[in-house]
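# An overview of the molecular structure
Residues per chain, in single letters:
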Amino acid sequence: MKHIELTSKEKTLLYGIVKYPHLTDKELSEKLSLKHSTVTSIRHRLKEKGLIRKLNIPYLQNTGCQMLVAIYTNFSPLIPLQERIDITGKTIEIFEEIFFSIGEQDKGFSLSFSQDYATVGRINDIRTQIFGGRGLLEDQYPTMVVFPFDISKIYRFFDFAPLFRKSFALSLNETETGKHLAFRHTDTVTLSDAEKNVFCMMVSYPERSDSDIGREIGVSRHTVSRLRRGFEKRDLFGTFYLPDLKKLGFEIITFYHIRFDPRNPPNIESDEAEFLMSDSTVFFACRMFEAVMISVYHDYDDYKADLMKIMQILKENRWIARDPVIYTYGLNTLIYIKDFKFAPITHKIIGCDSWIKKLLNI
């Protein structure tokens, strides 16, 4: 696929939309020094070209969700990719917990939210049994990395703003650093039946207006708007814009699993592990003795330069006893098996009326 060339104003606005997803066109125009009409027309153009997709990410850590989980696997190259996807789609990807999953011929990884360890442990047991029984595994079991919210830090959750600022060579006068998603438990939240229904609708249909949602479930627009403000105030979900990286000319996604030396790990309380992140890092989760990082690169040279910096930091600080596990995926060859599907796990944890579930087709 030939990538789409952007004008300087389009690059500026794409960066602004990704970094400040909650701002209106008027607010973005003021922050980015663009005309209001220009912002509106460019936003429409970016959507029309399929360069951005709006999502509402549920912050489930205060509603019963206890952890984020990454699972990665090496596969036998003898099994065709599509055959493997057909098998896993009917047996593994059906689990509500998995919200993101990608694969290539010989490898794959997924991200999940879960209420408890037993649930993800059972999913991984089923995964291993099916992969092993069908001859899909290469030489090892699937590896599961668990980040309980109470003892972990999620420094970036698919934050593309640093990547775009660097890639587009933007020079902007900004003082704030922007808010990164932090799935940390604070206070347990209890929702009413009406709140559950509206919440599930908002996560499932992020592009729909409050009027549309109200009409679908039989409440007023005012009620939906009031509940939305309440959800935002309690940090129950956040708006997020997902870019089409392939159309923008990026070529590589890299998955890193870093196991720290137990004799000398980075200090998680003082955020020492943050030094491992670069502008290319879009996801970074860390606990005391391990971390998972996902980065995006224009090309192989870009990847190698960033990898050298990461390894230099790890070795100079003596944070590792063995090299990280690193998987690289080509954006032109990988397949998105689950592409940020939050509705199933939201319904499972939050719950909503049965007729709402049918309406959401989950």
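Since this is a predicted model, take the numbers as computed values, not measurements.

## What about the overall build of the chain?
- Within the chain, the secondary structure is distributed over twelve helices and twelve strands.
- Relative to a compact globule of 362 residues, whose C-alpha radius of gyration would be 21 Å, the chain shows 21 Å and is just as compact.
- Overall, the C-alpha framework of the chain stretches about 55 × 50 × 45 Å when taken along its three principal axes.
- Within the chain, the proportion of its 362 residues that are buried is 54%.

## What to know about helix α9 (residues 221-233)
- In a regular helix each residue adds 1.5 Å, so 13 residues correspond to 18 Å; α9 covers 18 Å between its end C-alpha atoms and thus fits that length.
- The secondary structure elements touched by the buried residues of α9 are β1 (52-58), α7 (193-204), α8 (210-217) and β7 (237-243).
- Note on α9: the residue one or two positions beyond its end, Asp 235, has a positive phi of about 55°.

## Examining the sheet that holds strand β3 (residues 98-103)
- Spatially, β5-β2-β4-β3-β12 is the arrangement adopted by the five strands of the open sheet, whose pairing is antiparallel. Both outer strands of the open sheet, β5 (143-148) and β12 (335-339), are each paired with one neighbouring strand and no more. Taken over all neighbouring pairs, the strand axes of this sheet differ in orientation by 10° on average, direction set aside.
- Note: strand β2 (residues 67-74) against β5, six bridges, orientation antiparallel. Note on β5: the bridge partner recorded for Val 69 is Val 146.
- In the packing of helix α5 (residues 117-133) onto the sheet, the strands contacted are β2, β3, β4 (107-114) and β5, and the crossing angle to β2 comes to about 10°.

## Some thoughts on the environment of Asp 86
- Looking at the secondary structure, you find Asp 86 in helix α4 (residues 81-91).
- Placed 54 residues apart in sequence, Asp 86 and Gln 140 show a C-alpha to C-alpha distance of 21 Å.

## Focus on helix α10 (residues 300-316)
- Taking 1.5 Å per residue as the helical rise, α10 with its 17 residues ought to reach 24 Å, and the 24 Å between its terminal C-alpha atoms agrees with that figure.
- When α10 is considered as a whole, its buried residues turn out to be Asp 302, Tyr 303, Asp 306, Leu 307, Ile 310, Met 311 and Leu 314. Angularly, the buried residues of α10 cover 155° about the axis, an arc narrow enough to put them on a single face. Opposite the buried face of α10, by more than 90 degrees, sit the exposed residues Asp 301, Met 308, Lys 309, Lys 315 and Glu 316.

## Brief notes about the environment of Pro 206
- Positionally, Pro 206 belongs in the loop between α7 and α8.
- With near-sequence residues (within four places) excluded, Pro 206 lies in contact with Lys 54, Leu 55 and Asn 56.

## As for the layout of surface pockets
- Looking at the second largest pocket, its volume works out to about 390 Å³.
- Surrounding the second largest pocket, 21 residues form its lining, Pro 243, Asp 244, Leu 245, Tyr 336 and Asp 339 being those nearest its centre.
- Every element with two or more residues in the lining of the second largest pocket is listed here: β1, β7, β10 (290-297) and β12.
- Among the residues forming the lining of the second largest pocket, the class breakdown is 16 nonpolar, one polar and four charged.

## Description of the packing of aromatic side chains
- According to the stated counting rule, one finds 33 aromatic pairs in the structure shown.
- Here the basic side chain of Arg 84 rests over the ring of Phe 75, its NZ or CZ set 3.7 Å away from the ring centre.
- Above the ring of Tyr 329, the side-chain terminus of Lys 107 is found at 5.3 Å from the ring centroid.

About the criteria used
Residues numbered from 1 in each chain as written. Predicted model: local features only at pLDDT ≥ 70, side-chain atom pairs only at ≥ 80, totals over all residues. Heavy atoms only, no water. Helix = DSSP H or I, 4+ residues; strand = E, 2+ residues; numbered from the N terminus. Rg over C-alpha atoms; globule rule 2.2 N^0.38 Å. Buried < 20%, exposed > 50% of the residue type's maximum accessible area, 1.4 Å probe, protein only. Expected span 1.5 Å × (residues − 1). Contact = heavy atoms within 4.5 Å. Pairing = 2+ DSSP bridges. Axes fitted to C-alpha atoms, helices over the stretch in contact; angles between N-to-C directions. Arc of directions from axis to C-beta. 1 Å grid on protein atoms, 1.4 Å probe; cavity = no way out; pocket = protein on both sides within 12 Å on 5 of 7 lines; lining within 4 Å. Points joined across faces, edges and corners; volume = space filled by probe spheres on them. Nonpolar A, V, L, I, M, F, W, Y, C, P; charged D, E, K, R; others polar. Phe/Tyr/Trp six-rings, centres within 6.5 Å; stacked < 30°, edge-to-face > 60°. Lys NZ or Arg CZ within 6 Å of the ring centre and 35° of its normal.

None of this, on its own, says anything about what the molecule does.
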